[in-house]
Amino acid sequence: MTDRLPMFPLSTVVFPGVTVPLRVFEDRYRALMHHLLRIEDPAERVFGSVAIREGYEVGDHGAQSLFRVGVRLQLTEVDAHEDGTFDIVAVGRDRIRLDRLERGDLFPVGEVDDLPEPTVSVPAELVHRARATFTAYRQALSEISADPYRGSLPTDPAYLSWVLAACAPLPMAERQQLLEASDAEERLVLVTELLRTELQAMNVITSLPATEVARTRWSPN
């Protein structure tokens with residue numbers, strides 16, 4: 001079913017279940033925050049986000065090209081400042097496909113379709129291999145940088161696939177590929193292969209991966 005949703009394109013790929021802190025200072029997205037805060041039910045304070053393929057979050061020209069698959073986010077925390085800017089926290093809820101983006105009078109509005117993920121039976125061996133690969137990656141990375149994940153890994157295959165996708169320090173195109181994977185099994189296979197490649201590279205050159213998109217704390221807009 002097609003729905004109209006306020007849109008906030010970002011220069012990173014966001015995954016369901018992931019908490020996203022943002023600093024909001026551009027006029028159109030400040031207007032979006034005011035719109036959301038006027039909604040009485042906090043559960044209905046939602047907006048969409050897709051990653052920017054080409055362009056920028058800020059400026060008159062903004063994003064020139066967008067990926068089509070993104071997420072619906074729920075606004076969970078808001079800190080309004082006297083200068084009109086906001087620090088917010090949003091949580092990714094589910095996937096969406098952007099069919100059309102309009103500039104809107106005050107903020108961008110998209111026509112989106114839900115993109116539900118099918119429930120599949122994931123082989124236990126694949127879950128074990130994915131967890132083991134990420135554990136090895138955490139161990140290797142701990143020698144040169146901070147742990148990319150705190151706590152114990154989830155046992156649910158679908159949730160595990162999203163956690164590993166969010167924590168994997170990969171270029172945007174590969175992160176987008178993980179977001180667009182058809183189901184948890186495909187995502188776990190892909191993220192395991194990508195992490196094994198990172199491990200092989202780290203054994204040759206002890207350095208941080210070139211891209212750490214998931215580690216950026218604040219996203220300007």
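Since we're looking at a predicted model, the values are computed, not measured.

Asker: Would you mind showing me how to read the pattern of salt bridges here?
Answerer: Between side chains of opposite charge, pairing is possible as soon as their charged atoms come close. Applying the stated criterion across every chain yields a total of eleven salt bridges. Across the salt bridge formed by Glu-102 and Arg-100, the nearest N and O atoms sit 3.9 Å from each other. Residue classification places Arg-100 among the partly exposed positions, given a relative accessible area of 48%. Here the residues in one salt-bridge network are Arg-4, Arg-100, Glu-102 and Glu-111, joined through shared partners.

Asker: Quick question: what am I supposed to make of the packing of helix α3 (residues 157-167) against helix α4 (residues 172-180) here?
Answerer: Describing two packed helices takes the angle between their axes plus the distance from one axis to the other. Between α3 and α4, whose axes approach to 10 Å, the crossing angle comes to 170°. On the basis of their axis angle, the class for α3 and α4 is roughly antiparallel. Note on element contacts: α4 touches α3 through Arg-175, Leu-178 and Leu-179, opposite Trp-162, Ala-165 and Ala-166.

Asker: Can you help me understand empty space enclosed by the protein in this one?
Answerer: The gaps of empty space that remain are located by a probe, the size of a water molecule, rolled over the atoms. Scanning the entire structure with this criterion turns up one cavity of 30 Å³ or more. Here the largest cavity defines a volume of roughly 30 Å³. The leading source of residues in the lining of the largest cavity is strand β6 (residues 69-80), at three residues.

Asker: How should I be thinking about the environment of Ala-184 in this particular structure?
Answerer: Topologically, Ala-184 is positioned in helix α5 (residues 184-204). For the pair Ala-184 and Pro-157, spaced 27 residues apart in the sequence, the C-alpha separation amounts to 6.5 Å. Setting aside chain neighbours within four positions, we find Ala-184 in contact with Glu-117, Val-120, Val-122, Pro-157, Ala-158 and Ser-161.

Asker: I would appreciate a short explanation of the confidence of the model for the protein in the present structure.
Answerer: Caution applies to low-pLDDT parts of the model: their predicted coordinates are not meant to be read in detail. Chain-level pLDDT for the protein is 86 on average; 86% of the residues reach the 70-or-more range. Within the protein, the element-level pLDDT minimum falls on strand β5 (residues 63-66), averaging 74, and the maximum on strand β3 (residues 46-49), averaging 98. Contacts for the low-pLDDT stretch residues 57-61, under 50 throughout, to residues beyond four places or in other chains number 16 contacts. Here residues 207-221 scores under 50 on pLDDT; set against residues more than four positions off or in separate chains, the count is 46 contacts.

Asker: Where do I start with α4 in this structure?
Answerer: For an α-helix, the turn length of 3.6 residues means that residues three or four places apart are oriented alike. The set of residues buried in α4 consists of Arg-175, Gln-176, Leu-178 and Leu-179. Buried residues in α4, looked at end-on, bunch into an arc of 155°, giving them a common side.

Asker: Help me understand the packing of aromatic side chains, please; the structure alone is not making it clear to me.
Answerer: Note on aromatic pairs: each is described by the distance of the centres and the angle between the planes. Evaluated as defined, the whole model comprises four aromatic pairs. Put simply, the rings of Phe-8, Tyr-29 and Phe-47 touch in pairs and so form one group of aromatic residues. Positioned above the aromatic ring of Phe-67 is the side chain of Arg-53, whose terminal nitrogen or guanidinium carbon lies 4.2 Å from the ring centre. The side chain of Arg-187 reaches across the aromatic face of Trp-162, ending 3.5 Å from its centre.

Quick notes on the rules
- Residues numbered from 1 in each chain as written.
- Predicted model: local features only at pLDDT ≥ 70, side-chain atom pairs only at ≥ 80, totals over all residues.
- Heavy atoms only, no water.
- Salt bridge = Lys/Arg side-chain N within 4 Å of Asp/Glu carboxyl O.
- Buried < 20%, exposed > 50% of the residue type's maximum accessible area, 1.4 Å probe, protein only.
- Axes fitted to C-alpha atoms, helices over the stretch in contact; angles between N-to-C directions.
- Helix = DSSP H or I, 4+ residues; strand = E, 2+ residues; numbered from the N terminus.
- Parallel < 35°, antiparallel > 145°, perpendicular 65-115°, else oblique.
- Contact = heavy atoms within 4.5 Å.
- 1 Å grid on protein atoms, 1.4 Å probe; cavity = no way out; pocket = protein on both sides within 12 Å on 5 of 7 lines; lining within 4 Å.
- Points joined across faces, edges and corners; volume = space filled by probe spheres on them.
- pLDDT = per-residue confidence, 0-100.
- Arc of directions from axis to C-beta.
- Phe/Tyr/Trp six-rings, centres within 6.5 Å; stacked < 30°, edge-to-face > 60°.
- Lys NZ or Arg CZ within 6 Å of the ring centre and 35° of its normal.

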